[in-house]
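Fold and contact review
Below, each chain spelled out in residue letters.
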Amino acid sequence: MTTLRIKNVFKRYPNGAEAVKGVSVEVGDGELVVFVGPSGCGKSTLLRMVAGLEDVTSGEIELSGRVVNDLEPAERNIAMVFQNYALYPHMTVRQNLAYGLKNRGTSKSEIDSKVEAAGKLLQISDFLERKPSQLSGGQRQRVAMGRAIVRDPAIFLFDEPLSNLDAKLRNQMRLEIKSLQRRLKTAAVYVTHDQVEAMTLADRIVVLNNGLIEQVGTPAEVYSRPDSTFVASFIGAPPMNLLSATLTDAGAQLGDQVLPVQTSLRGDVQLGLRPERIKISQSGSGASIEVTIVEELGATRLVHGIVGGQNISVAVDAELPVPTGQAVISFRPDDAHFFHATTGRRL
Amino acid sequence: MLRTKIYDHFVLLLGVFIMMGPLVVAFMTSTFDHVLIHKEGMQVGWGGKFIETYSTVLSQQGGFTGEVTGWLMTQNSLILGIGFALGKIVVSMLAAYAIVYFRFRAATFCFWIIFLTLLLPLEVRILPSYEVVQQLGLLNSYTGLIVPLIASATGTFFFRQFFKSIPNELVEAARVDGAGPMQFFFDILLPLSKTMMAAIFIIMFVVGWNQYLWPTLMTTDESYFTLVRGIKQIMQIMIGADIPKYNEALAMAMLSMLPPALVIIIFQRMFIKGLVENEK
Ligand SMILES: Nc1ncnc2c1ncn2[C@@H]1O[C@H](COP(=O)(O)OP(=O)(O)OP(=O)(O)O)[C@@H](O)[C@H]1O
Ligand SMILES: [Mg+2]
């Protein structure tokens, strides 16, 4: 069963901006799908159309088998968690959680039990009588999630819910969101521009660019088989090296260097190599690299250098010796990705 | 550090002196006997007739019909001040609500039309206003006294600015929570606007209390007289006797200043809060 079906949806804002240009995607029961993409790619717009906060220009949005294009947000059986929490500042936490239920005409006793349950689940029971201004950022975030949970929605919609938290808390809340979603088994769409968040949270990732879907797949698929140079450079940190190369019988020609690859393709391509899949050593066989800068990242080092006139970066374990000056690189032939020289699509 | 403090205090004290000096003199004079004031002018010191003068002013039957007391005029002034302030808040808040949250085509246009009325204060349109009120038979009534004054471009402007500063996400959260326009207004907007309303109430109360022209024109029945216009009226009647009762006129002036001052002192906290801080 699918919870959410987005069918060929377009969005044109009144000012003429085309934010979403024909997107189709499905979210299965209990699945957590992450929309990821750079700023302005239309991911919030898409989410807000699902929520009913934004009109759909054309296309269909179907929730639990029902077309909801013309329904008000409150009638859609969704719950949304906003970037700035959007808690009602004059209400206590309890009132914040209860407000939506009250508007639906839920009975007092049912509201109370739901609020108590959500409070326990999210460990905010102690703050129920406080105002949002008396809570820390993380606690407010929990309350915002509590407000979503008490409604028992068909789907959770998150719009960059963690971007206001500091890095440490963000990691912790990320885990909590994931385990909570697993436990509740409720479908969710999560919007972020942070590829780490996308990789760690998602059952499936939808990579958006410029109002269009670049690729849909599990985190592993998107990482190991990017459909385009855009996805290749967006997913994974540090980003994939993209080198202009010419494929010949001898291998991939980069300037004066020839890298051994296994492919039947010939001609100009963009060669993609993940920095963590490249081996570098001071001497030995392989293409020669001129090391320019070494960045310390703690667990790894990022070695920047020049191969055949093009910049390349290589991730090296911190225990391994730091190469300097002239060194050599090598990689397994099937770790090389090939993309069309101009369109950037995978070949 | 110490020097700047002394300097600061000096400046402040000077300000207090300039602003409060005349008031203090007027107050002190009002406690003297009117014959003495007539002979020797304004007084400094304690005349000892405080209770007599002020109780006379509050309770003495005055005016042409002899029906109006200082106390009655105070009540009228209060009704005008409060009615004026509340009316302005209600009207301008509703106008701002419509302009900000309902995307009807002419919203911006309407806003500027409302704004334009700033160029047409009561003084400019006083004759047509009078005629309308007169034809409606509202002369000498509280309705006629208050209603023509409560449309407020400034109030609408303040509320519009305030509503625009409320994060859009909050509005959207309320929509997701199923709050309709009425619920949103009463459950979310009204509580959030509390400090703003208090600030506008104070300003408008003082403005309403100090209305002079419109009440003078509107009310011929003395039982609707307000303090501010009553001072002059009472002076005139008193001049009919031998020596004008300067002490009582001054006492009445003091009394008419008291409520606005009290309102400001009491609500000062809220007022400043409303001006500088929006509860986020
Ligand atoms: N209300 C609006 N009116 C007109 N254009 C808009 C509106 N909201 C967004 N846009 C435009 O639509 C495009 C997509 O916006 P959207 O907010 O969906 O981006 P996003 O992917 O969420 O970006 P971010 O990561 O910065 O939040 C942008 O080019 C933006 O300028
Ligand atoms: Mg966004």
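Residue and element names in this part refer to chain B. For the pair helix α4 (residues 70-101) and helix α11 (residues 194-209), the least separation of the axes is 8 Å and the interaxial angle reads 135°. Between α4 and α11, the angle falls in the class oblique. Along this stretch, α4 crosses α11, giving a crossing that reads as right-handed. On α11, the residues that touch T74, S77, L78, L80, G81, I82, F84, A85, L86, K88, I89 and M93 of α4 are M197, I200, F201, M204, F205, V207, G208 and W209. Broken down by class, the residue content of the contact of α4 with α11 amounts to 15 nonpolar, four polar and one charged.

The next point concerns the site of ligand 1. Residues and elements named next belong to chain A. The immediate surroundings of ligand 1 are formed by 13 residues, with S39, G40, K43, S44 and T45 found nearest. At 3.3 Å, a side-chain N or O of Y13 approaches a nitrogen atom of ligand 1. Take K43: an N or O atom from its side chain is 2.5 Å from an oxygen atom of ligand 1. Burial of ligand 1 by the protein amounts to 60% of the accessible area it has alone, namely 630 Å².

Residue and element names in this part refer to chain A. The final tally for this structure, using the stated rule, is 23 salt bridges over all chains. A salt bridge links D112 to K108; the nearest nitrogen and oxygen atoms lie 3.4 Å apart. Highlighted residues: D112 and K108, both in helix α3 (residues 108-121), separated by four residues, approximately one helical turn. The class for D112 is partly exposed, based on a relative accessible area of 28%. Relative accessible area serves as the criterion here: at 61%, K108 is assigned to the exposed category. The shortest N-O distance in the salt bridge between D152 and K114 comes to 3.8 Å. Residue D152 is found in the loop between α4 (137-149) and β7 (155-159), and its partner K114 is found in helix α3; the two are separated by 38 residues along the sequence. A relative accessible area of 53% places D152 in the exposed class.

Here we come to the confidence of the model for chain B. Averaged over chain B, the pLDDT score is 84; the fraction of residues at 70 or greater is 90%. Scoring the predicted complex yields pTM 0.84 and, for the interface, ipTM 0.85.

On to empty space enclosed by the protein. With the rule as written, the count across this model stands at two cavities of 30 Å³ or more. Lining the largest cavity we find A79, M80, F82, A144, R147, A148 and R151 of chain A together with A173, V176 and D177 of chain B. Of all the secondary-structure elements, those providing two or more residues to the lining of the largest cavity are β6 (78-81) and α4 of chain A together with α9 (168-176) of chain B. Residues that form the lining of the largest cavity fall into these classes: seven nonpolar, no polar and three charged.

Computed from the structure, the largest pocket encloses a volume of approximately 1000 Å³. Taken together, 32 residues make up the lining of the largest pocket; nearest its centre are L53 of chain A together with Y101, R103, V171 and R175 of chain B. Mapped by element, the contributors of at least two residues to the lining of the largest pocket are α4, α9 and α10 (181-192) of chain B. In terms of residues, the lining of the largest pocket owes the most to one element, α9 of chain B, which gives five residues. Within the lining of the largest pocket, the residues separate by chemical class into 17 nonpolar, five polar and 10 charged.

Turning our attention to the packing of aromatic side chains. Applying the stated criterion to the full structure yields 26 aromatic pairs over all chains. Seen in terms of ring centroids, Y88 of chain A and Y99 of chain A are 5.3 Å apart; in terms of plane orientation they differ by 75°. Their pairing is edge-to-face. In this pair, Y88 of chain A is assigned in the loop between β6 and α2 (93-103) and Y99 of chain A in helix α2, connecting sequence segments 11 residues apart. When its relative accessible area of 0% is taken as the criterion, Y88 of chain A is described as buried. Relative to W46 of chain B, the ring of F27 of chain B has its centre 6.2 Å away and its plane inclined at 45°; by these criteria the two rings are tilted. Remark: W46 of chain B occurs in the loop between α2 (34-40) and α3 (50-59) and F27 of chain B occurs in helix α1 (residues 2-30); sequence separation between them is 19 residues. Of the residues examined, W46 of chain B reaches a relative accessible area of 54% and is grouped as exposed. An aromatic cluster is defined as three or more aromatic residues linked by ring pairs; in this entry it consists of Y97, Y101, F102, F159, F162, F163, F184, F185 and F186 of chain B. Over the ring of Y13 of chain A we find K11 of chain A, and its NZ or CZ is 5.0 Å from the ring centre.

The biggest cluster of nonpolar side chains holds 90 residues, and the ones touching the most others in it are L4, F35, L46, I155 and L157 of chain A together with Y101 and F163 of chain B. Looking at this core element by element, the count peaks at 10 residues for α4 of chain B.

Turning next to the pairing of strand β11 (residues 241-248) of chain A. Residues and elements named next belong to chain A. On β11, burial follows the alternation: N241, L243, A245 and L247 on one face are buried, whereas L242, S244, T246 and T248 on the facing-out side are not. Bridging between β11 and strand β14 (residues 267-273) involves seven bridges; their strand directions are antiparallel. Across the sheet, residue L243 finds its bridge partner in β14, namely L271. Examined bridge by bridge, β11 and strand β12 (residues 251-254) share three bridges and lie antiparallel to one another. Of the residues in β12, the one forming a bridge with L247 is A252. Counting the residues that bridge the hairpin from β11 to β12 gives two residues.

What follows covers the sheet that holds strand β18 (residues 310-317) of chain A. Residue and element names in this part refer to chain A. Taken in spatial order, the five strands line up as β15-β19-β16-β17-β18 in an open sheet, and their pairing is antiparallel. Both outer strands of the open sheet, β15 (278-281) and β18, are each paired with one neighbouring strand and no more. The mean inter-strand angle of the sheet, taken between neighbouring strand axes irrespective of direction, is 45°. Where strand β16 (residues 287-296) lies against strand β17 (residues 300-307), six bridges are found, and the strand directions are antiparallel. Residue pairing in the sheet places E296 in a bridge with R301 of β17.

This part takes up the interface of chain B and chain A. Between chain B and chain A, the residue contacts involve 17 residues of the former and 23 residues of the latter. Taken together, chain B and chain A are joined by three salt bridges. Close ionic contact of D177 of chain B with R151 of chain A constitutes a salt bridge, the shortest N to O distance being 4.0 Å. Remark: the boundary between chain B and chain A carries 12 residue pairs in polar contact (both at pLDDT 80 or more). Those elements that place two or more of their residues in the side of chain B that touches chain A are α9 and α10 of chain B. Tallying contributions element by element places α9 of chain B first for the side of chain B that touches chain A, with seven residues. The residue inventory of the side of chain B that touches chain A, partitioned by class, reads eight nonpolar, two polar and seven charged.

All names here are of chain B. Taken together, the side chains of Y7, F10, V11, L14, V16, F17, I18, M19, M20 and V24 present a nonpolar region at the surface, about 1100 Å² in accessible area. By the secondary structure assignment, V11 is in helix α1. Residue classification places V11 among the partly exposed residues on the basis of a relative accessible area of 41%.

Reading the values: the criteria
Residues numbered from 1 in each chain as written. Chains lettered and ligands numbered in written order. Predicted model: local features only at pLDDT ≥ 70, side-chain atom pairs only at ≥ 80, totals over all residues. Heavy atoms only, no water. Axes fitted to C-alpha atoms, helices over the stretch in contact; angles between N-to-C directions. Helix = DSSP H or I, 4+ residues; strand = E, 2+ residues; numbered from the N terminus. Parallel < 35°, antiparallel > 145°, perpendicular 65-115°, else oblique. Left-handed = near helix turned anticlockwise from the far one by under 90°. Contact = heavy atoms within 4.5 Å. Nonpolar A, V, L, I, M, F, W, Y, C, P; charged D, E, K, R; others polar. Near = heavy atom within 4 Å. Polar contact = N/O pair within 3.5 Å; in protein donor to acceptor, adjacent residues only side chain to side chain. Areas by Shrake-Rupley, 256 points an atom, 1.4 Å probe, with all protein chains shown as cover. Salt bridge = Lys/Arg side-chain N within 4 Å of Asp/Glu carboxyl O. Buried < 20%, exposed > 50% of the residue type's maximum accessible area, 1.4 Å probe, protein only. pLDDT = per-residue confidence, 0-100. 1 Å grid on protein atoms, 1.4 Å probe; cavity = no way out; pocket = protein on both sides within 12 Å on 5 of 7 lines; lining within 4 Å. Points joined across faces, edges and corners; volume = space filled by probe spheres on them. Phe/Tyr/Trp six-rings, centres within 6.5 Å; stacked < 30°, edge-to-face > 60°. Lys NZ or Arg CZ within 6 Å of the ring centre and 35° of its normal. Core = buried A, V, L, I, M, F, W, Y, C linked by side-chain atoms within 4.5 Å. Pairing = 2+ DSSP bridges. Patch = residues over 30% accessible without salt bridge, like charges linked within 9 Å, V, L, I, M, F, W, Y side chains within 5 Å.

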